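Listed below are the residues making up each chain.
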Amino acid sequence: GLKNHSGAQSLLFYWVRDFGFNSDQANDMHTALILAEPGKLFNSSSHLANVDRNQILIAEKGGEQKKAFIQESDIQIETAAGTFSILKVEPGDFLDKNPENAMLDLSQLEFPLTLRAIETGDRFVPLGMKNEKKISDFLIDLKVPLIKKARVNVLLSGNRIAWVLGYRIADWAKVNSGTK
């Protein structure tokens, strides 16, 4: 791998310089890889770099995310987190288990729904679990890199989290045999 390569620091600088990182930061990234310091973050004017186990993840710094509101009549919504289609379907045998999508029980939802970035202290009951869990702990359990955690969004119904986008819905919002 890169960490044992003789020219690793030069190669690393060559790769990260276009993202605004300097040679000292590249050397520090290399050291963090060797010392296996997951979660180590580096800042440039435009990007963040995150050493995560045996890789370095680089992401553009995002602007301040605004909350988005979803009305019961909406069929599509454009947000900083992406474009979402909202479909009302009759319960059938089909259950979409793709974490990129959320099948929620309409009768359990309180409109308007709110889409926002995660906040410190956010908690929810993940699907299939009985007890509440801090979203930060839930993401640690899934080994989600720090750089991705900063971009995680949640969907709220009232003040309850119904879905951690891209990861899991809340147990209370799931579709069951009584869903209309």
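How each quantity is defined
- Residues numbered from 1 in each chain as written.
- Predicted model: local features only at pLDDT ≥ 70, side-chain atom pairs only at ≥ 80, totals over all residues.
- Heavy atoms only, no water.
- Helix = DSSP H or I, 4+ residues; strand = E, 2+ residues; numbered from the N terminus.
- Rg over C-alpha atoms; globule rule 2.2 N^0.38 Å.
- Contact = heavy atoms within 4.5 Å.
- Areas by Shrake-Rupley, 256 points an atom, 1.4 Å probe, with all protein chains shown as cover.
- Lys, Arg positive; Asp, Glu negative; His and termini not counted.
- Charge placed at Lys NZ, Arg CZ, Asp CG, Glu CD.
- Pairing = 2+ DSSP bridges.
- Axes fitted to C-alpha atoms, helices over the stretch in contact; angles between N-to-C directions.
- pLDDT = per-residue confidence, 0-100.
- Core = buried A, V, L, I, M, F, W, Y, C linked by side-chain atoms within 4.5 Å.
- Buried < 20%, exposed > 50% of the residue type's maximum accessible area, 1.4 Å probe, protein only.

Undergrad: Would you mind going over the overall build of the protein in detail, with residue names and values included?
TA: Scanning the protein from N- to C-terminus turns up 4 helices and 12 strands. Computed over C-alpha atoms, the radius of gyration of the protein comes to 20 Å, more than 25% over the 16 Å expected from 2.2 N^0.38 for 180 residues, which places it beyond the range of a compact globule. Projected onto the principal axes, the alpha-carbon positions of the protein cover approximately 65 × 30 × 30 Å. For the protein, contacts bridging at least 24 residues in sequence account for 50% of all contacts bridging at least 6. For the protein, the exposed surface amounts to about 11,400 Å²; the carbon and sulfur share of it is 49%. Once the 22 positive and 22 negative side-chain charges of the protein are each reduced to a mean point, those two points are 5 Å apart.

Undergrad: Describe the environment of alanine 49, with residues and values.
TA: Topologically, alanine 49 is positioned in strand E2 (residues 47-52). Filtering out sequence-adjacent residues up to four positions away, alanine 49 remains in contact with Phe21, Met29, Lys40, Leu41, Phe42, Ile56, Leu57, Ile58 and Ile147.

Undergrad: How would you sum up the sheet that holds strand E7 (residues 113-117)? Please name residues and give values.
TA: Strand order in the open sheet formed by 5 strands is E4-E7-E10-E11-E12, and the pairing between neighbours is antiparallel. Pairing within the sheet leaves two strands with one partner each, and these edge strands are strand E4 (68-70) and strand E12 (168-169).

Undergrad: Kindly report on the sheet that holds strand E3 (residues 55-60), identifying the contributing residues and their values.
TA: Across the sheet, which stays open at both edges, the 3 strands sit in the order E1-E2-E3 with antiparallel pairing between neighbours. Strands with a single pairing partner mark the edges of an open sheet, and in this sheet they are strand E1 (40-43) and E3. Taking the axes of each pair of neighbouring strands and ignoring which way they run, one obtains an average angle of 20° across the sheet. The pairing of E2 with E3 spans 6 bridges and is classified as antiparallel. Counterpart to histidine 47 in the pairing with E3 is glutamate 60. Across the sheet, helix H2 (residues 23-34) lies against E1, E2 and E3, angled at about 170° from E1, the strand it touches most.

Undergrad: Give a description of the confidence of the model for the protein that names residues and reports values.
TA: The share of residues in the protein with pLDDT of 70 or more is 95%, and the mean pLDDT across the chain is 87. When pLDDT is averaged over each helix and strand of the protein, the minimum, 81, is found for helix H4 (residues 146-149) and the maximum, 97, for strand E8 (residues 123-124).

Undergrad: Tell me about unusual backbone geometry, and please be specific about residues and values.
TA: With an omega dihedral of 0°, the bond running from phenylalanine 111 to proline 112 counts as a cis peptide bond. Along the chain, the position of proline 112 falls in the loop between strand E6 (82-85) and E7. Unlike most non-glycine residues, lysine 143 shows phi in positive territory, near 60°.

Undergrad: Any details on the pairing of E1? Residues and values, ideally.
TA: As paired strands, E1 and E2 are joined by 4 bridges and run antiparallel to one another. Note on E2: the bridge partner recorded for phenylalanine 42 is alanine 49. If you look at the hairpin formed by E1 and E2, you'll find 3 residues sitting between the two strands.

Undergrad: Could you give me a rundown of the nonpolar core, with the residues and numbers involved?
TA: Membership of the largest hydrophobic core comes to 26 residues, with the highest contact counts inside it found for Leu104, Phe124, Ile135, Leu155, Ile161 and Val164. Of all the elements in the fold, those that place two or more residues in this core are E4, E7, helix H3 (135-141), strand E10 (153-157) and strand E11 (160-164). Not counting the four nearest positions on each side in its chain, isoleucine 161 is found in contact with Asp122, Arg123, Phe124, Ile135, Val154, Leu155, Leu156, Ala170 and Trp172. Judged by nonpolar contacts, the second largest core, of 10 residues, contains Val16, Phe21, Ala49 and Val51.

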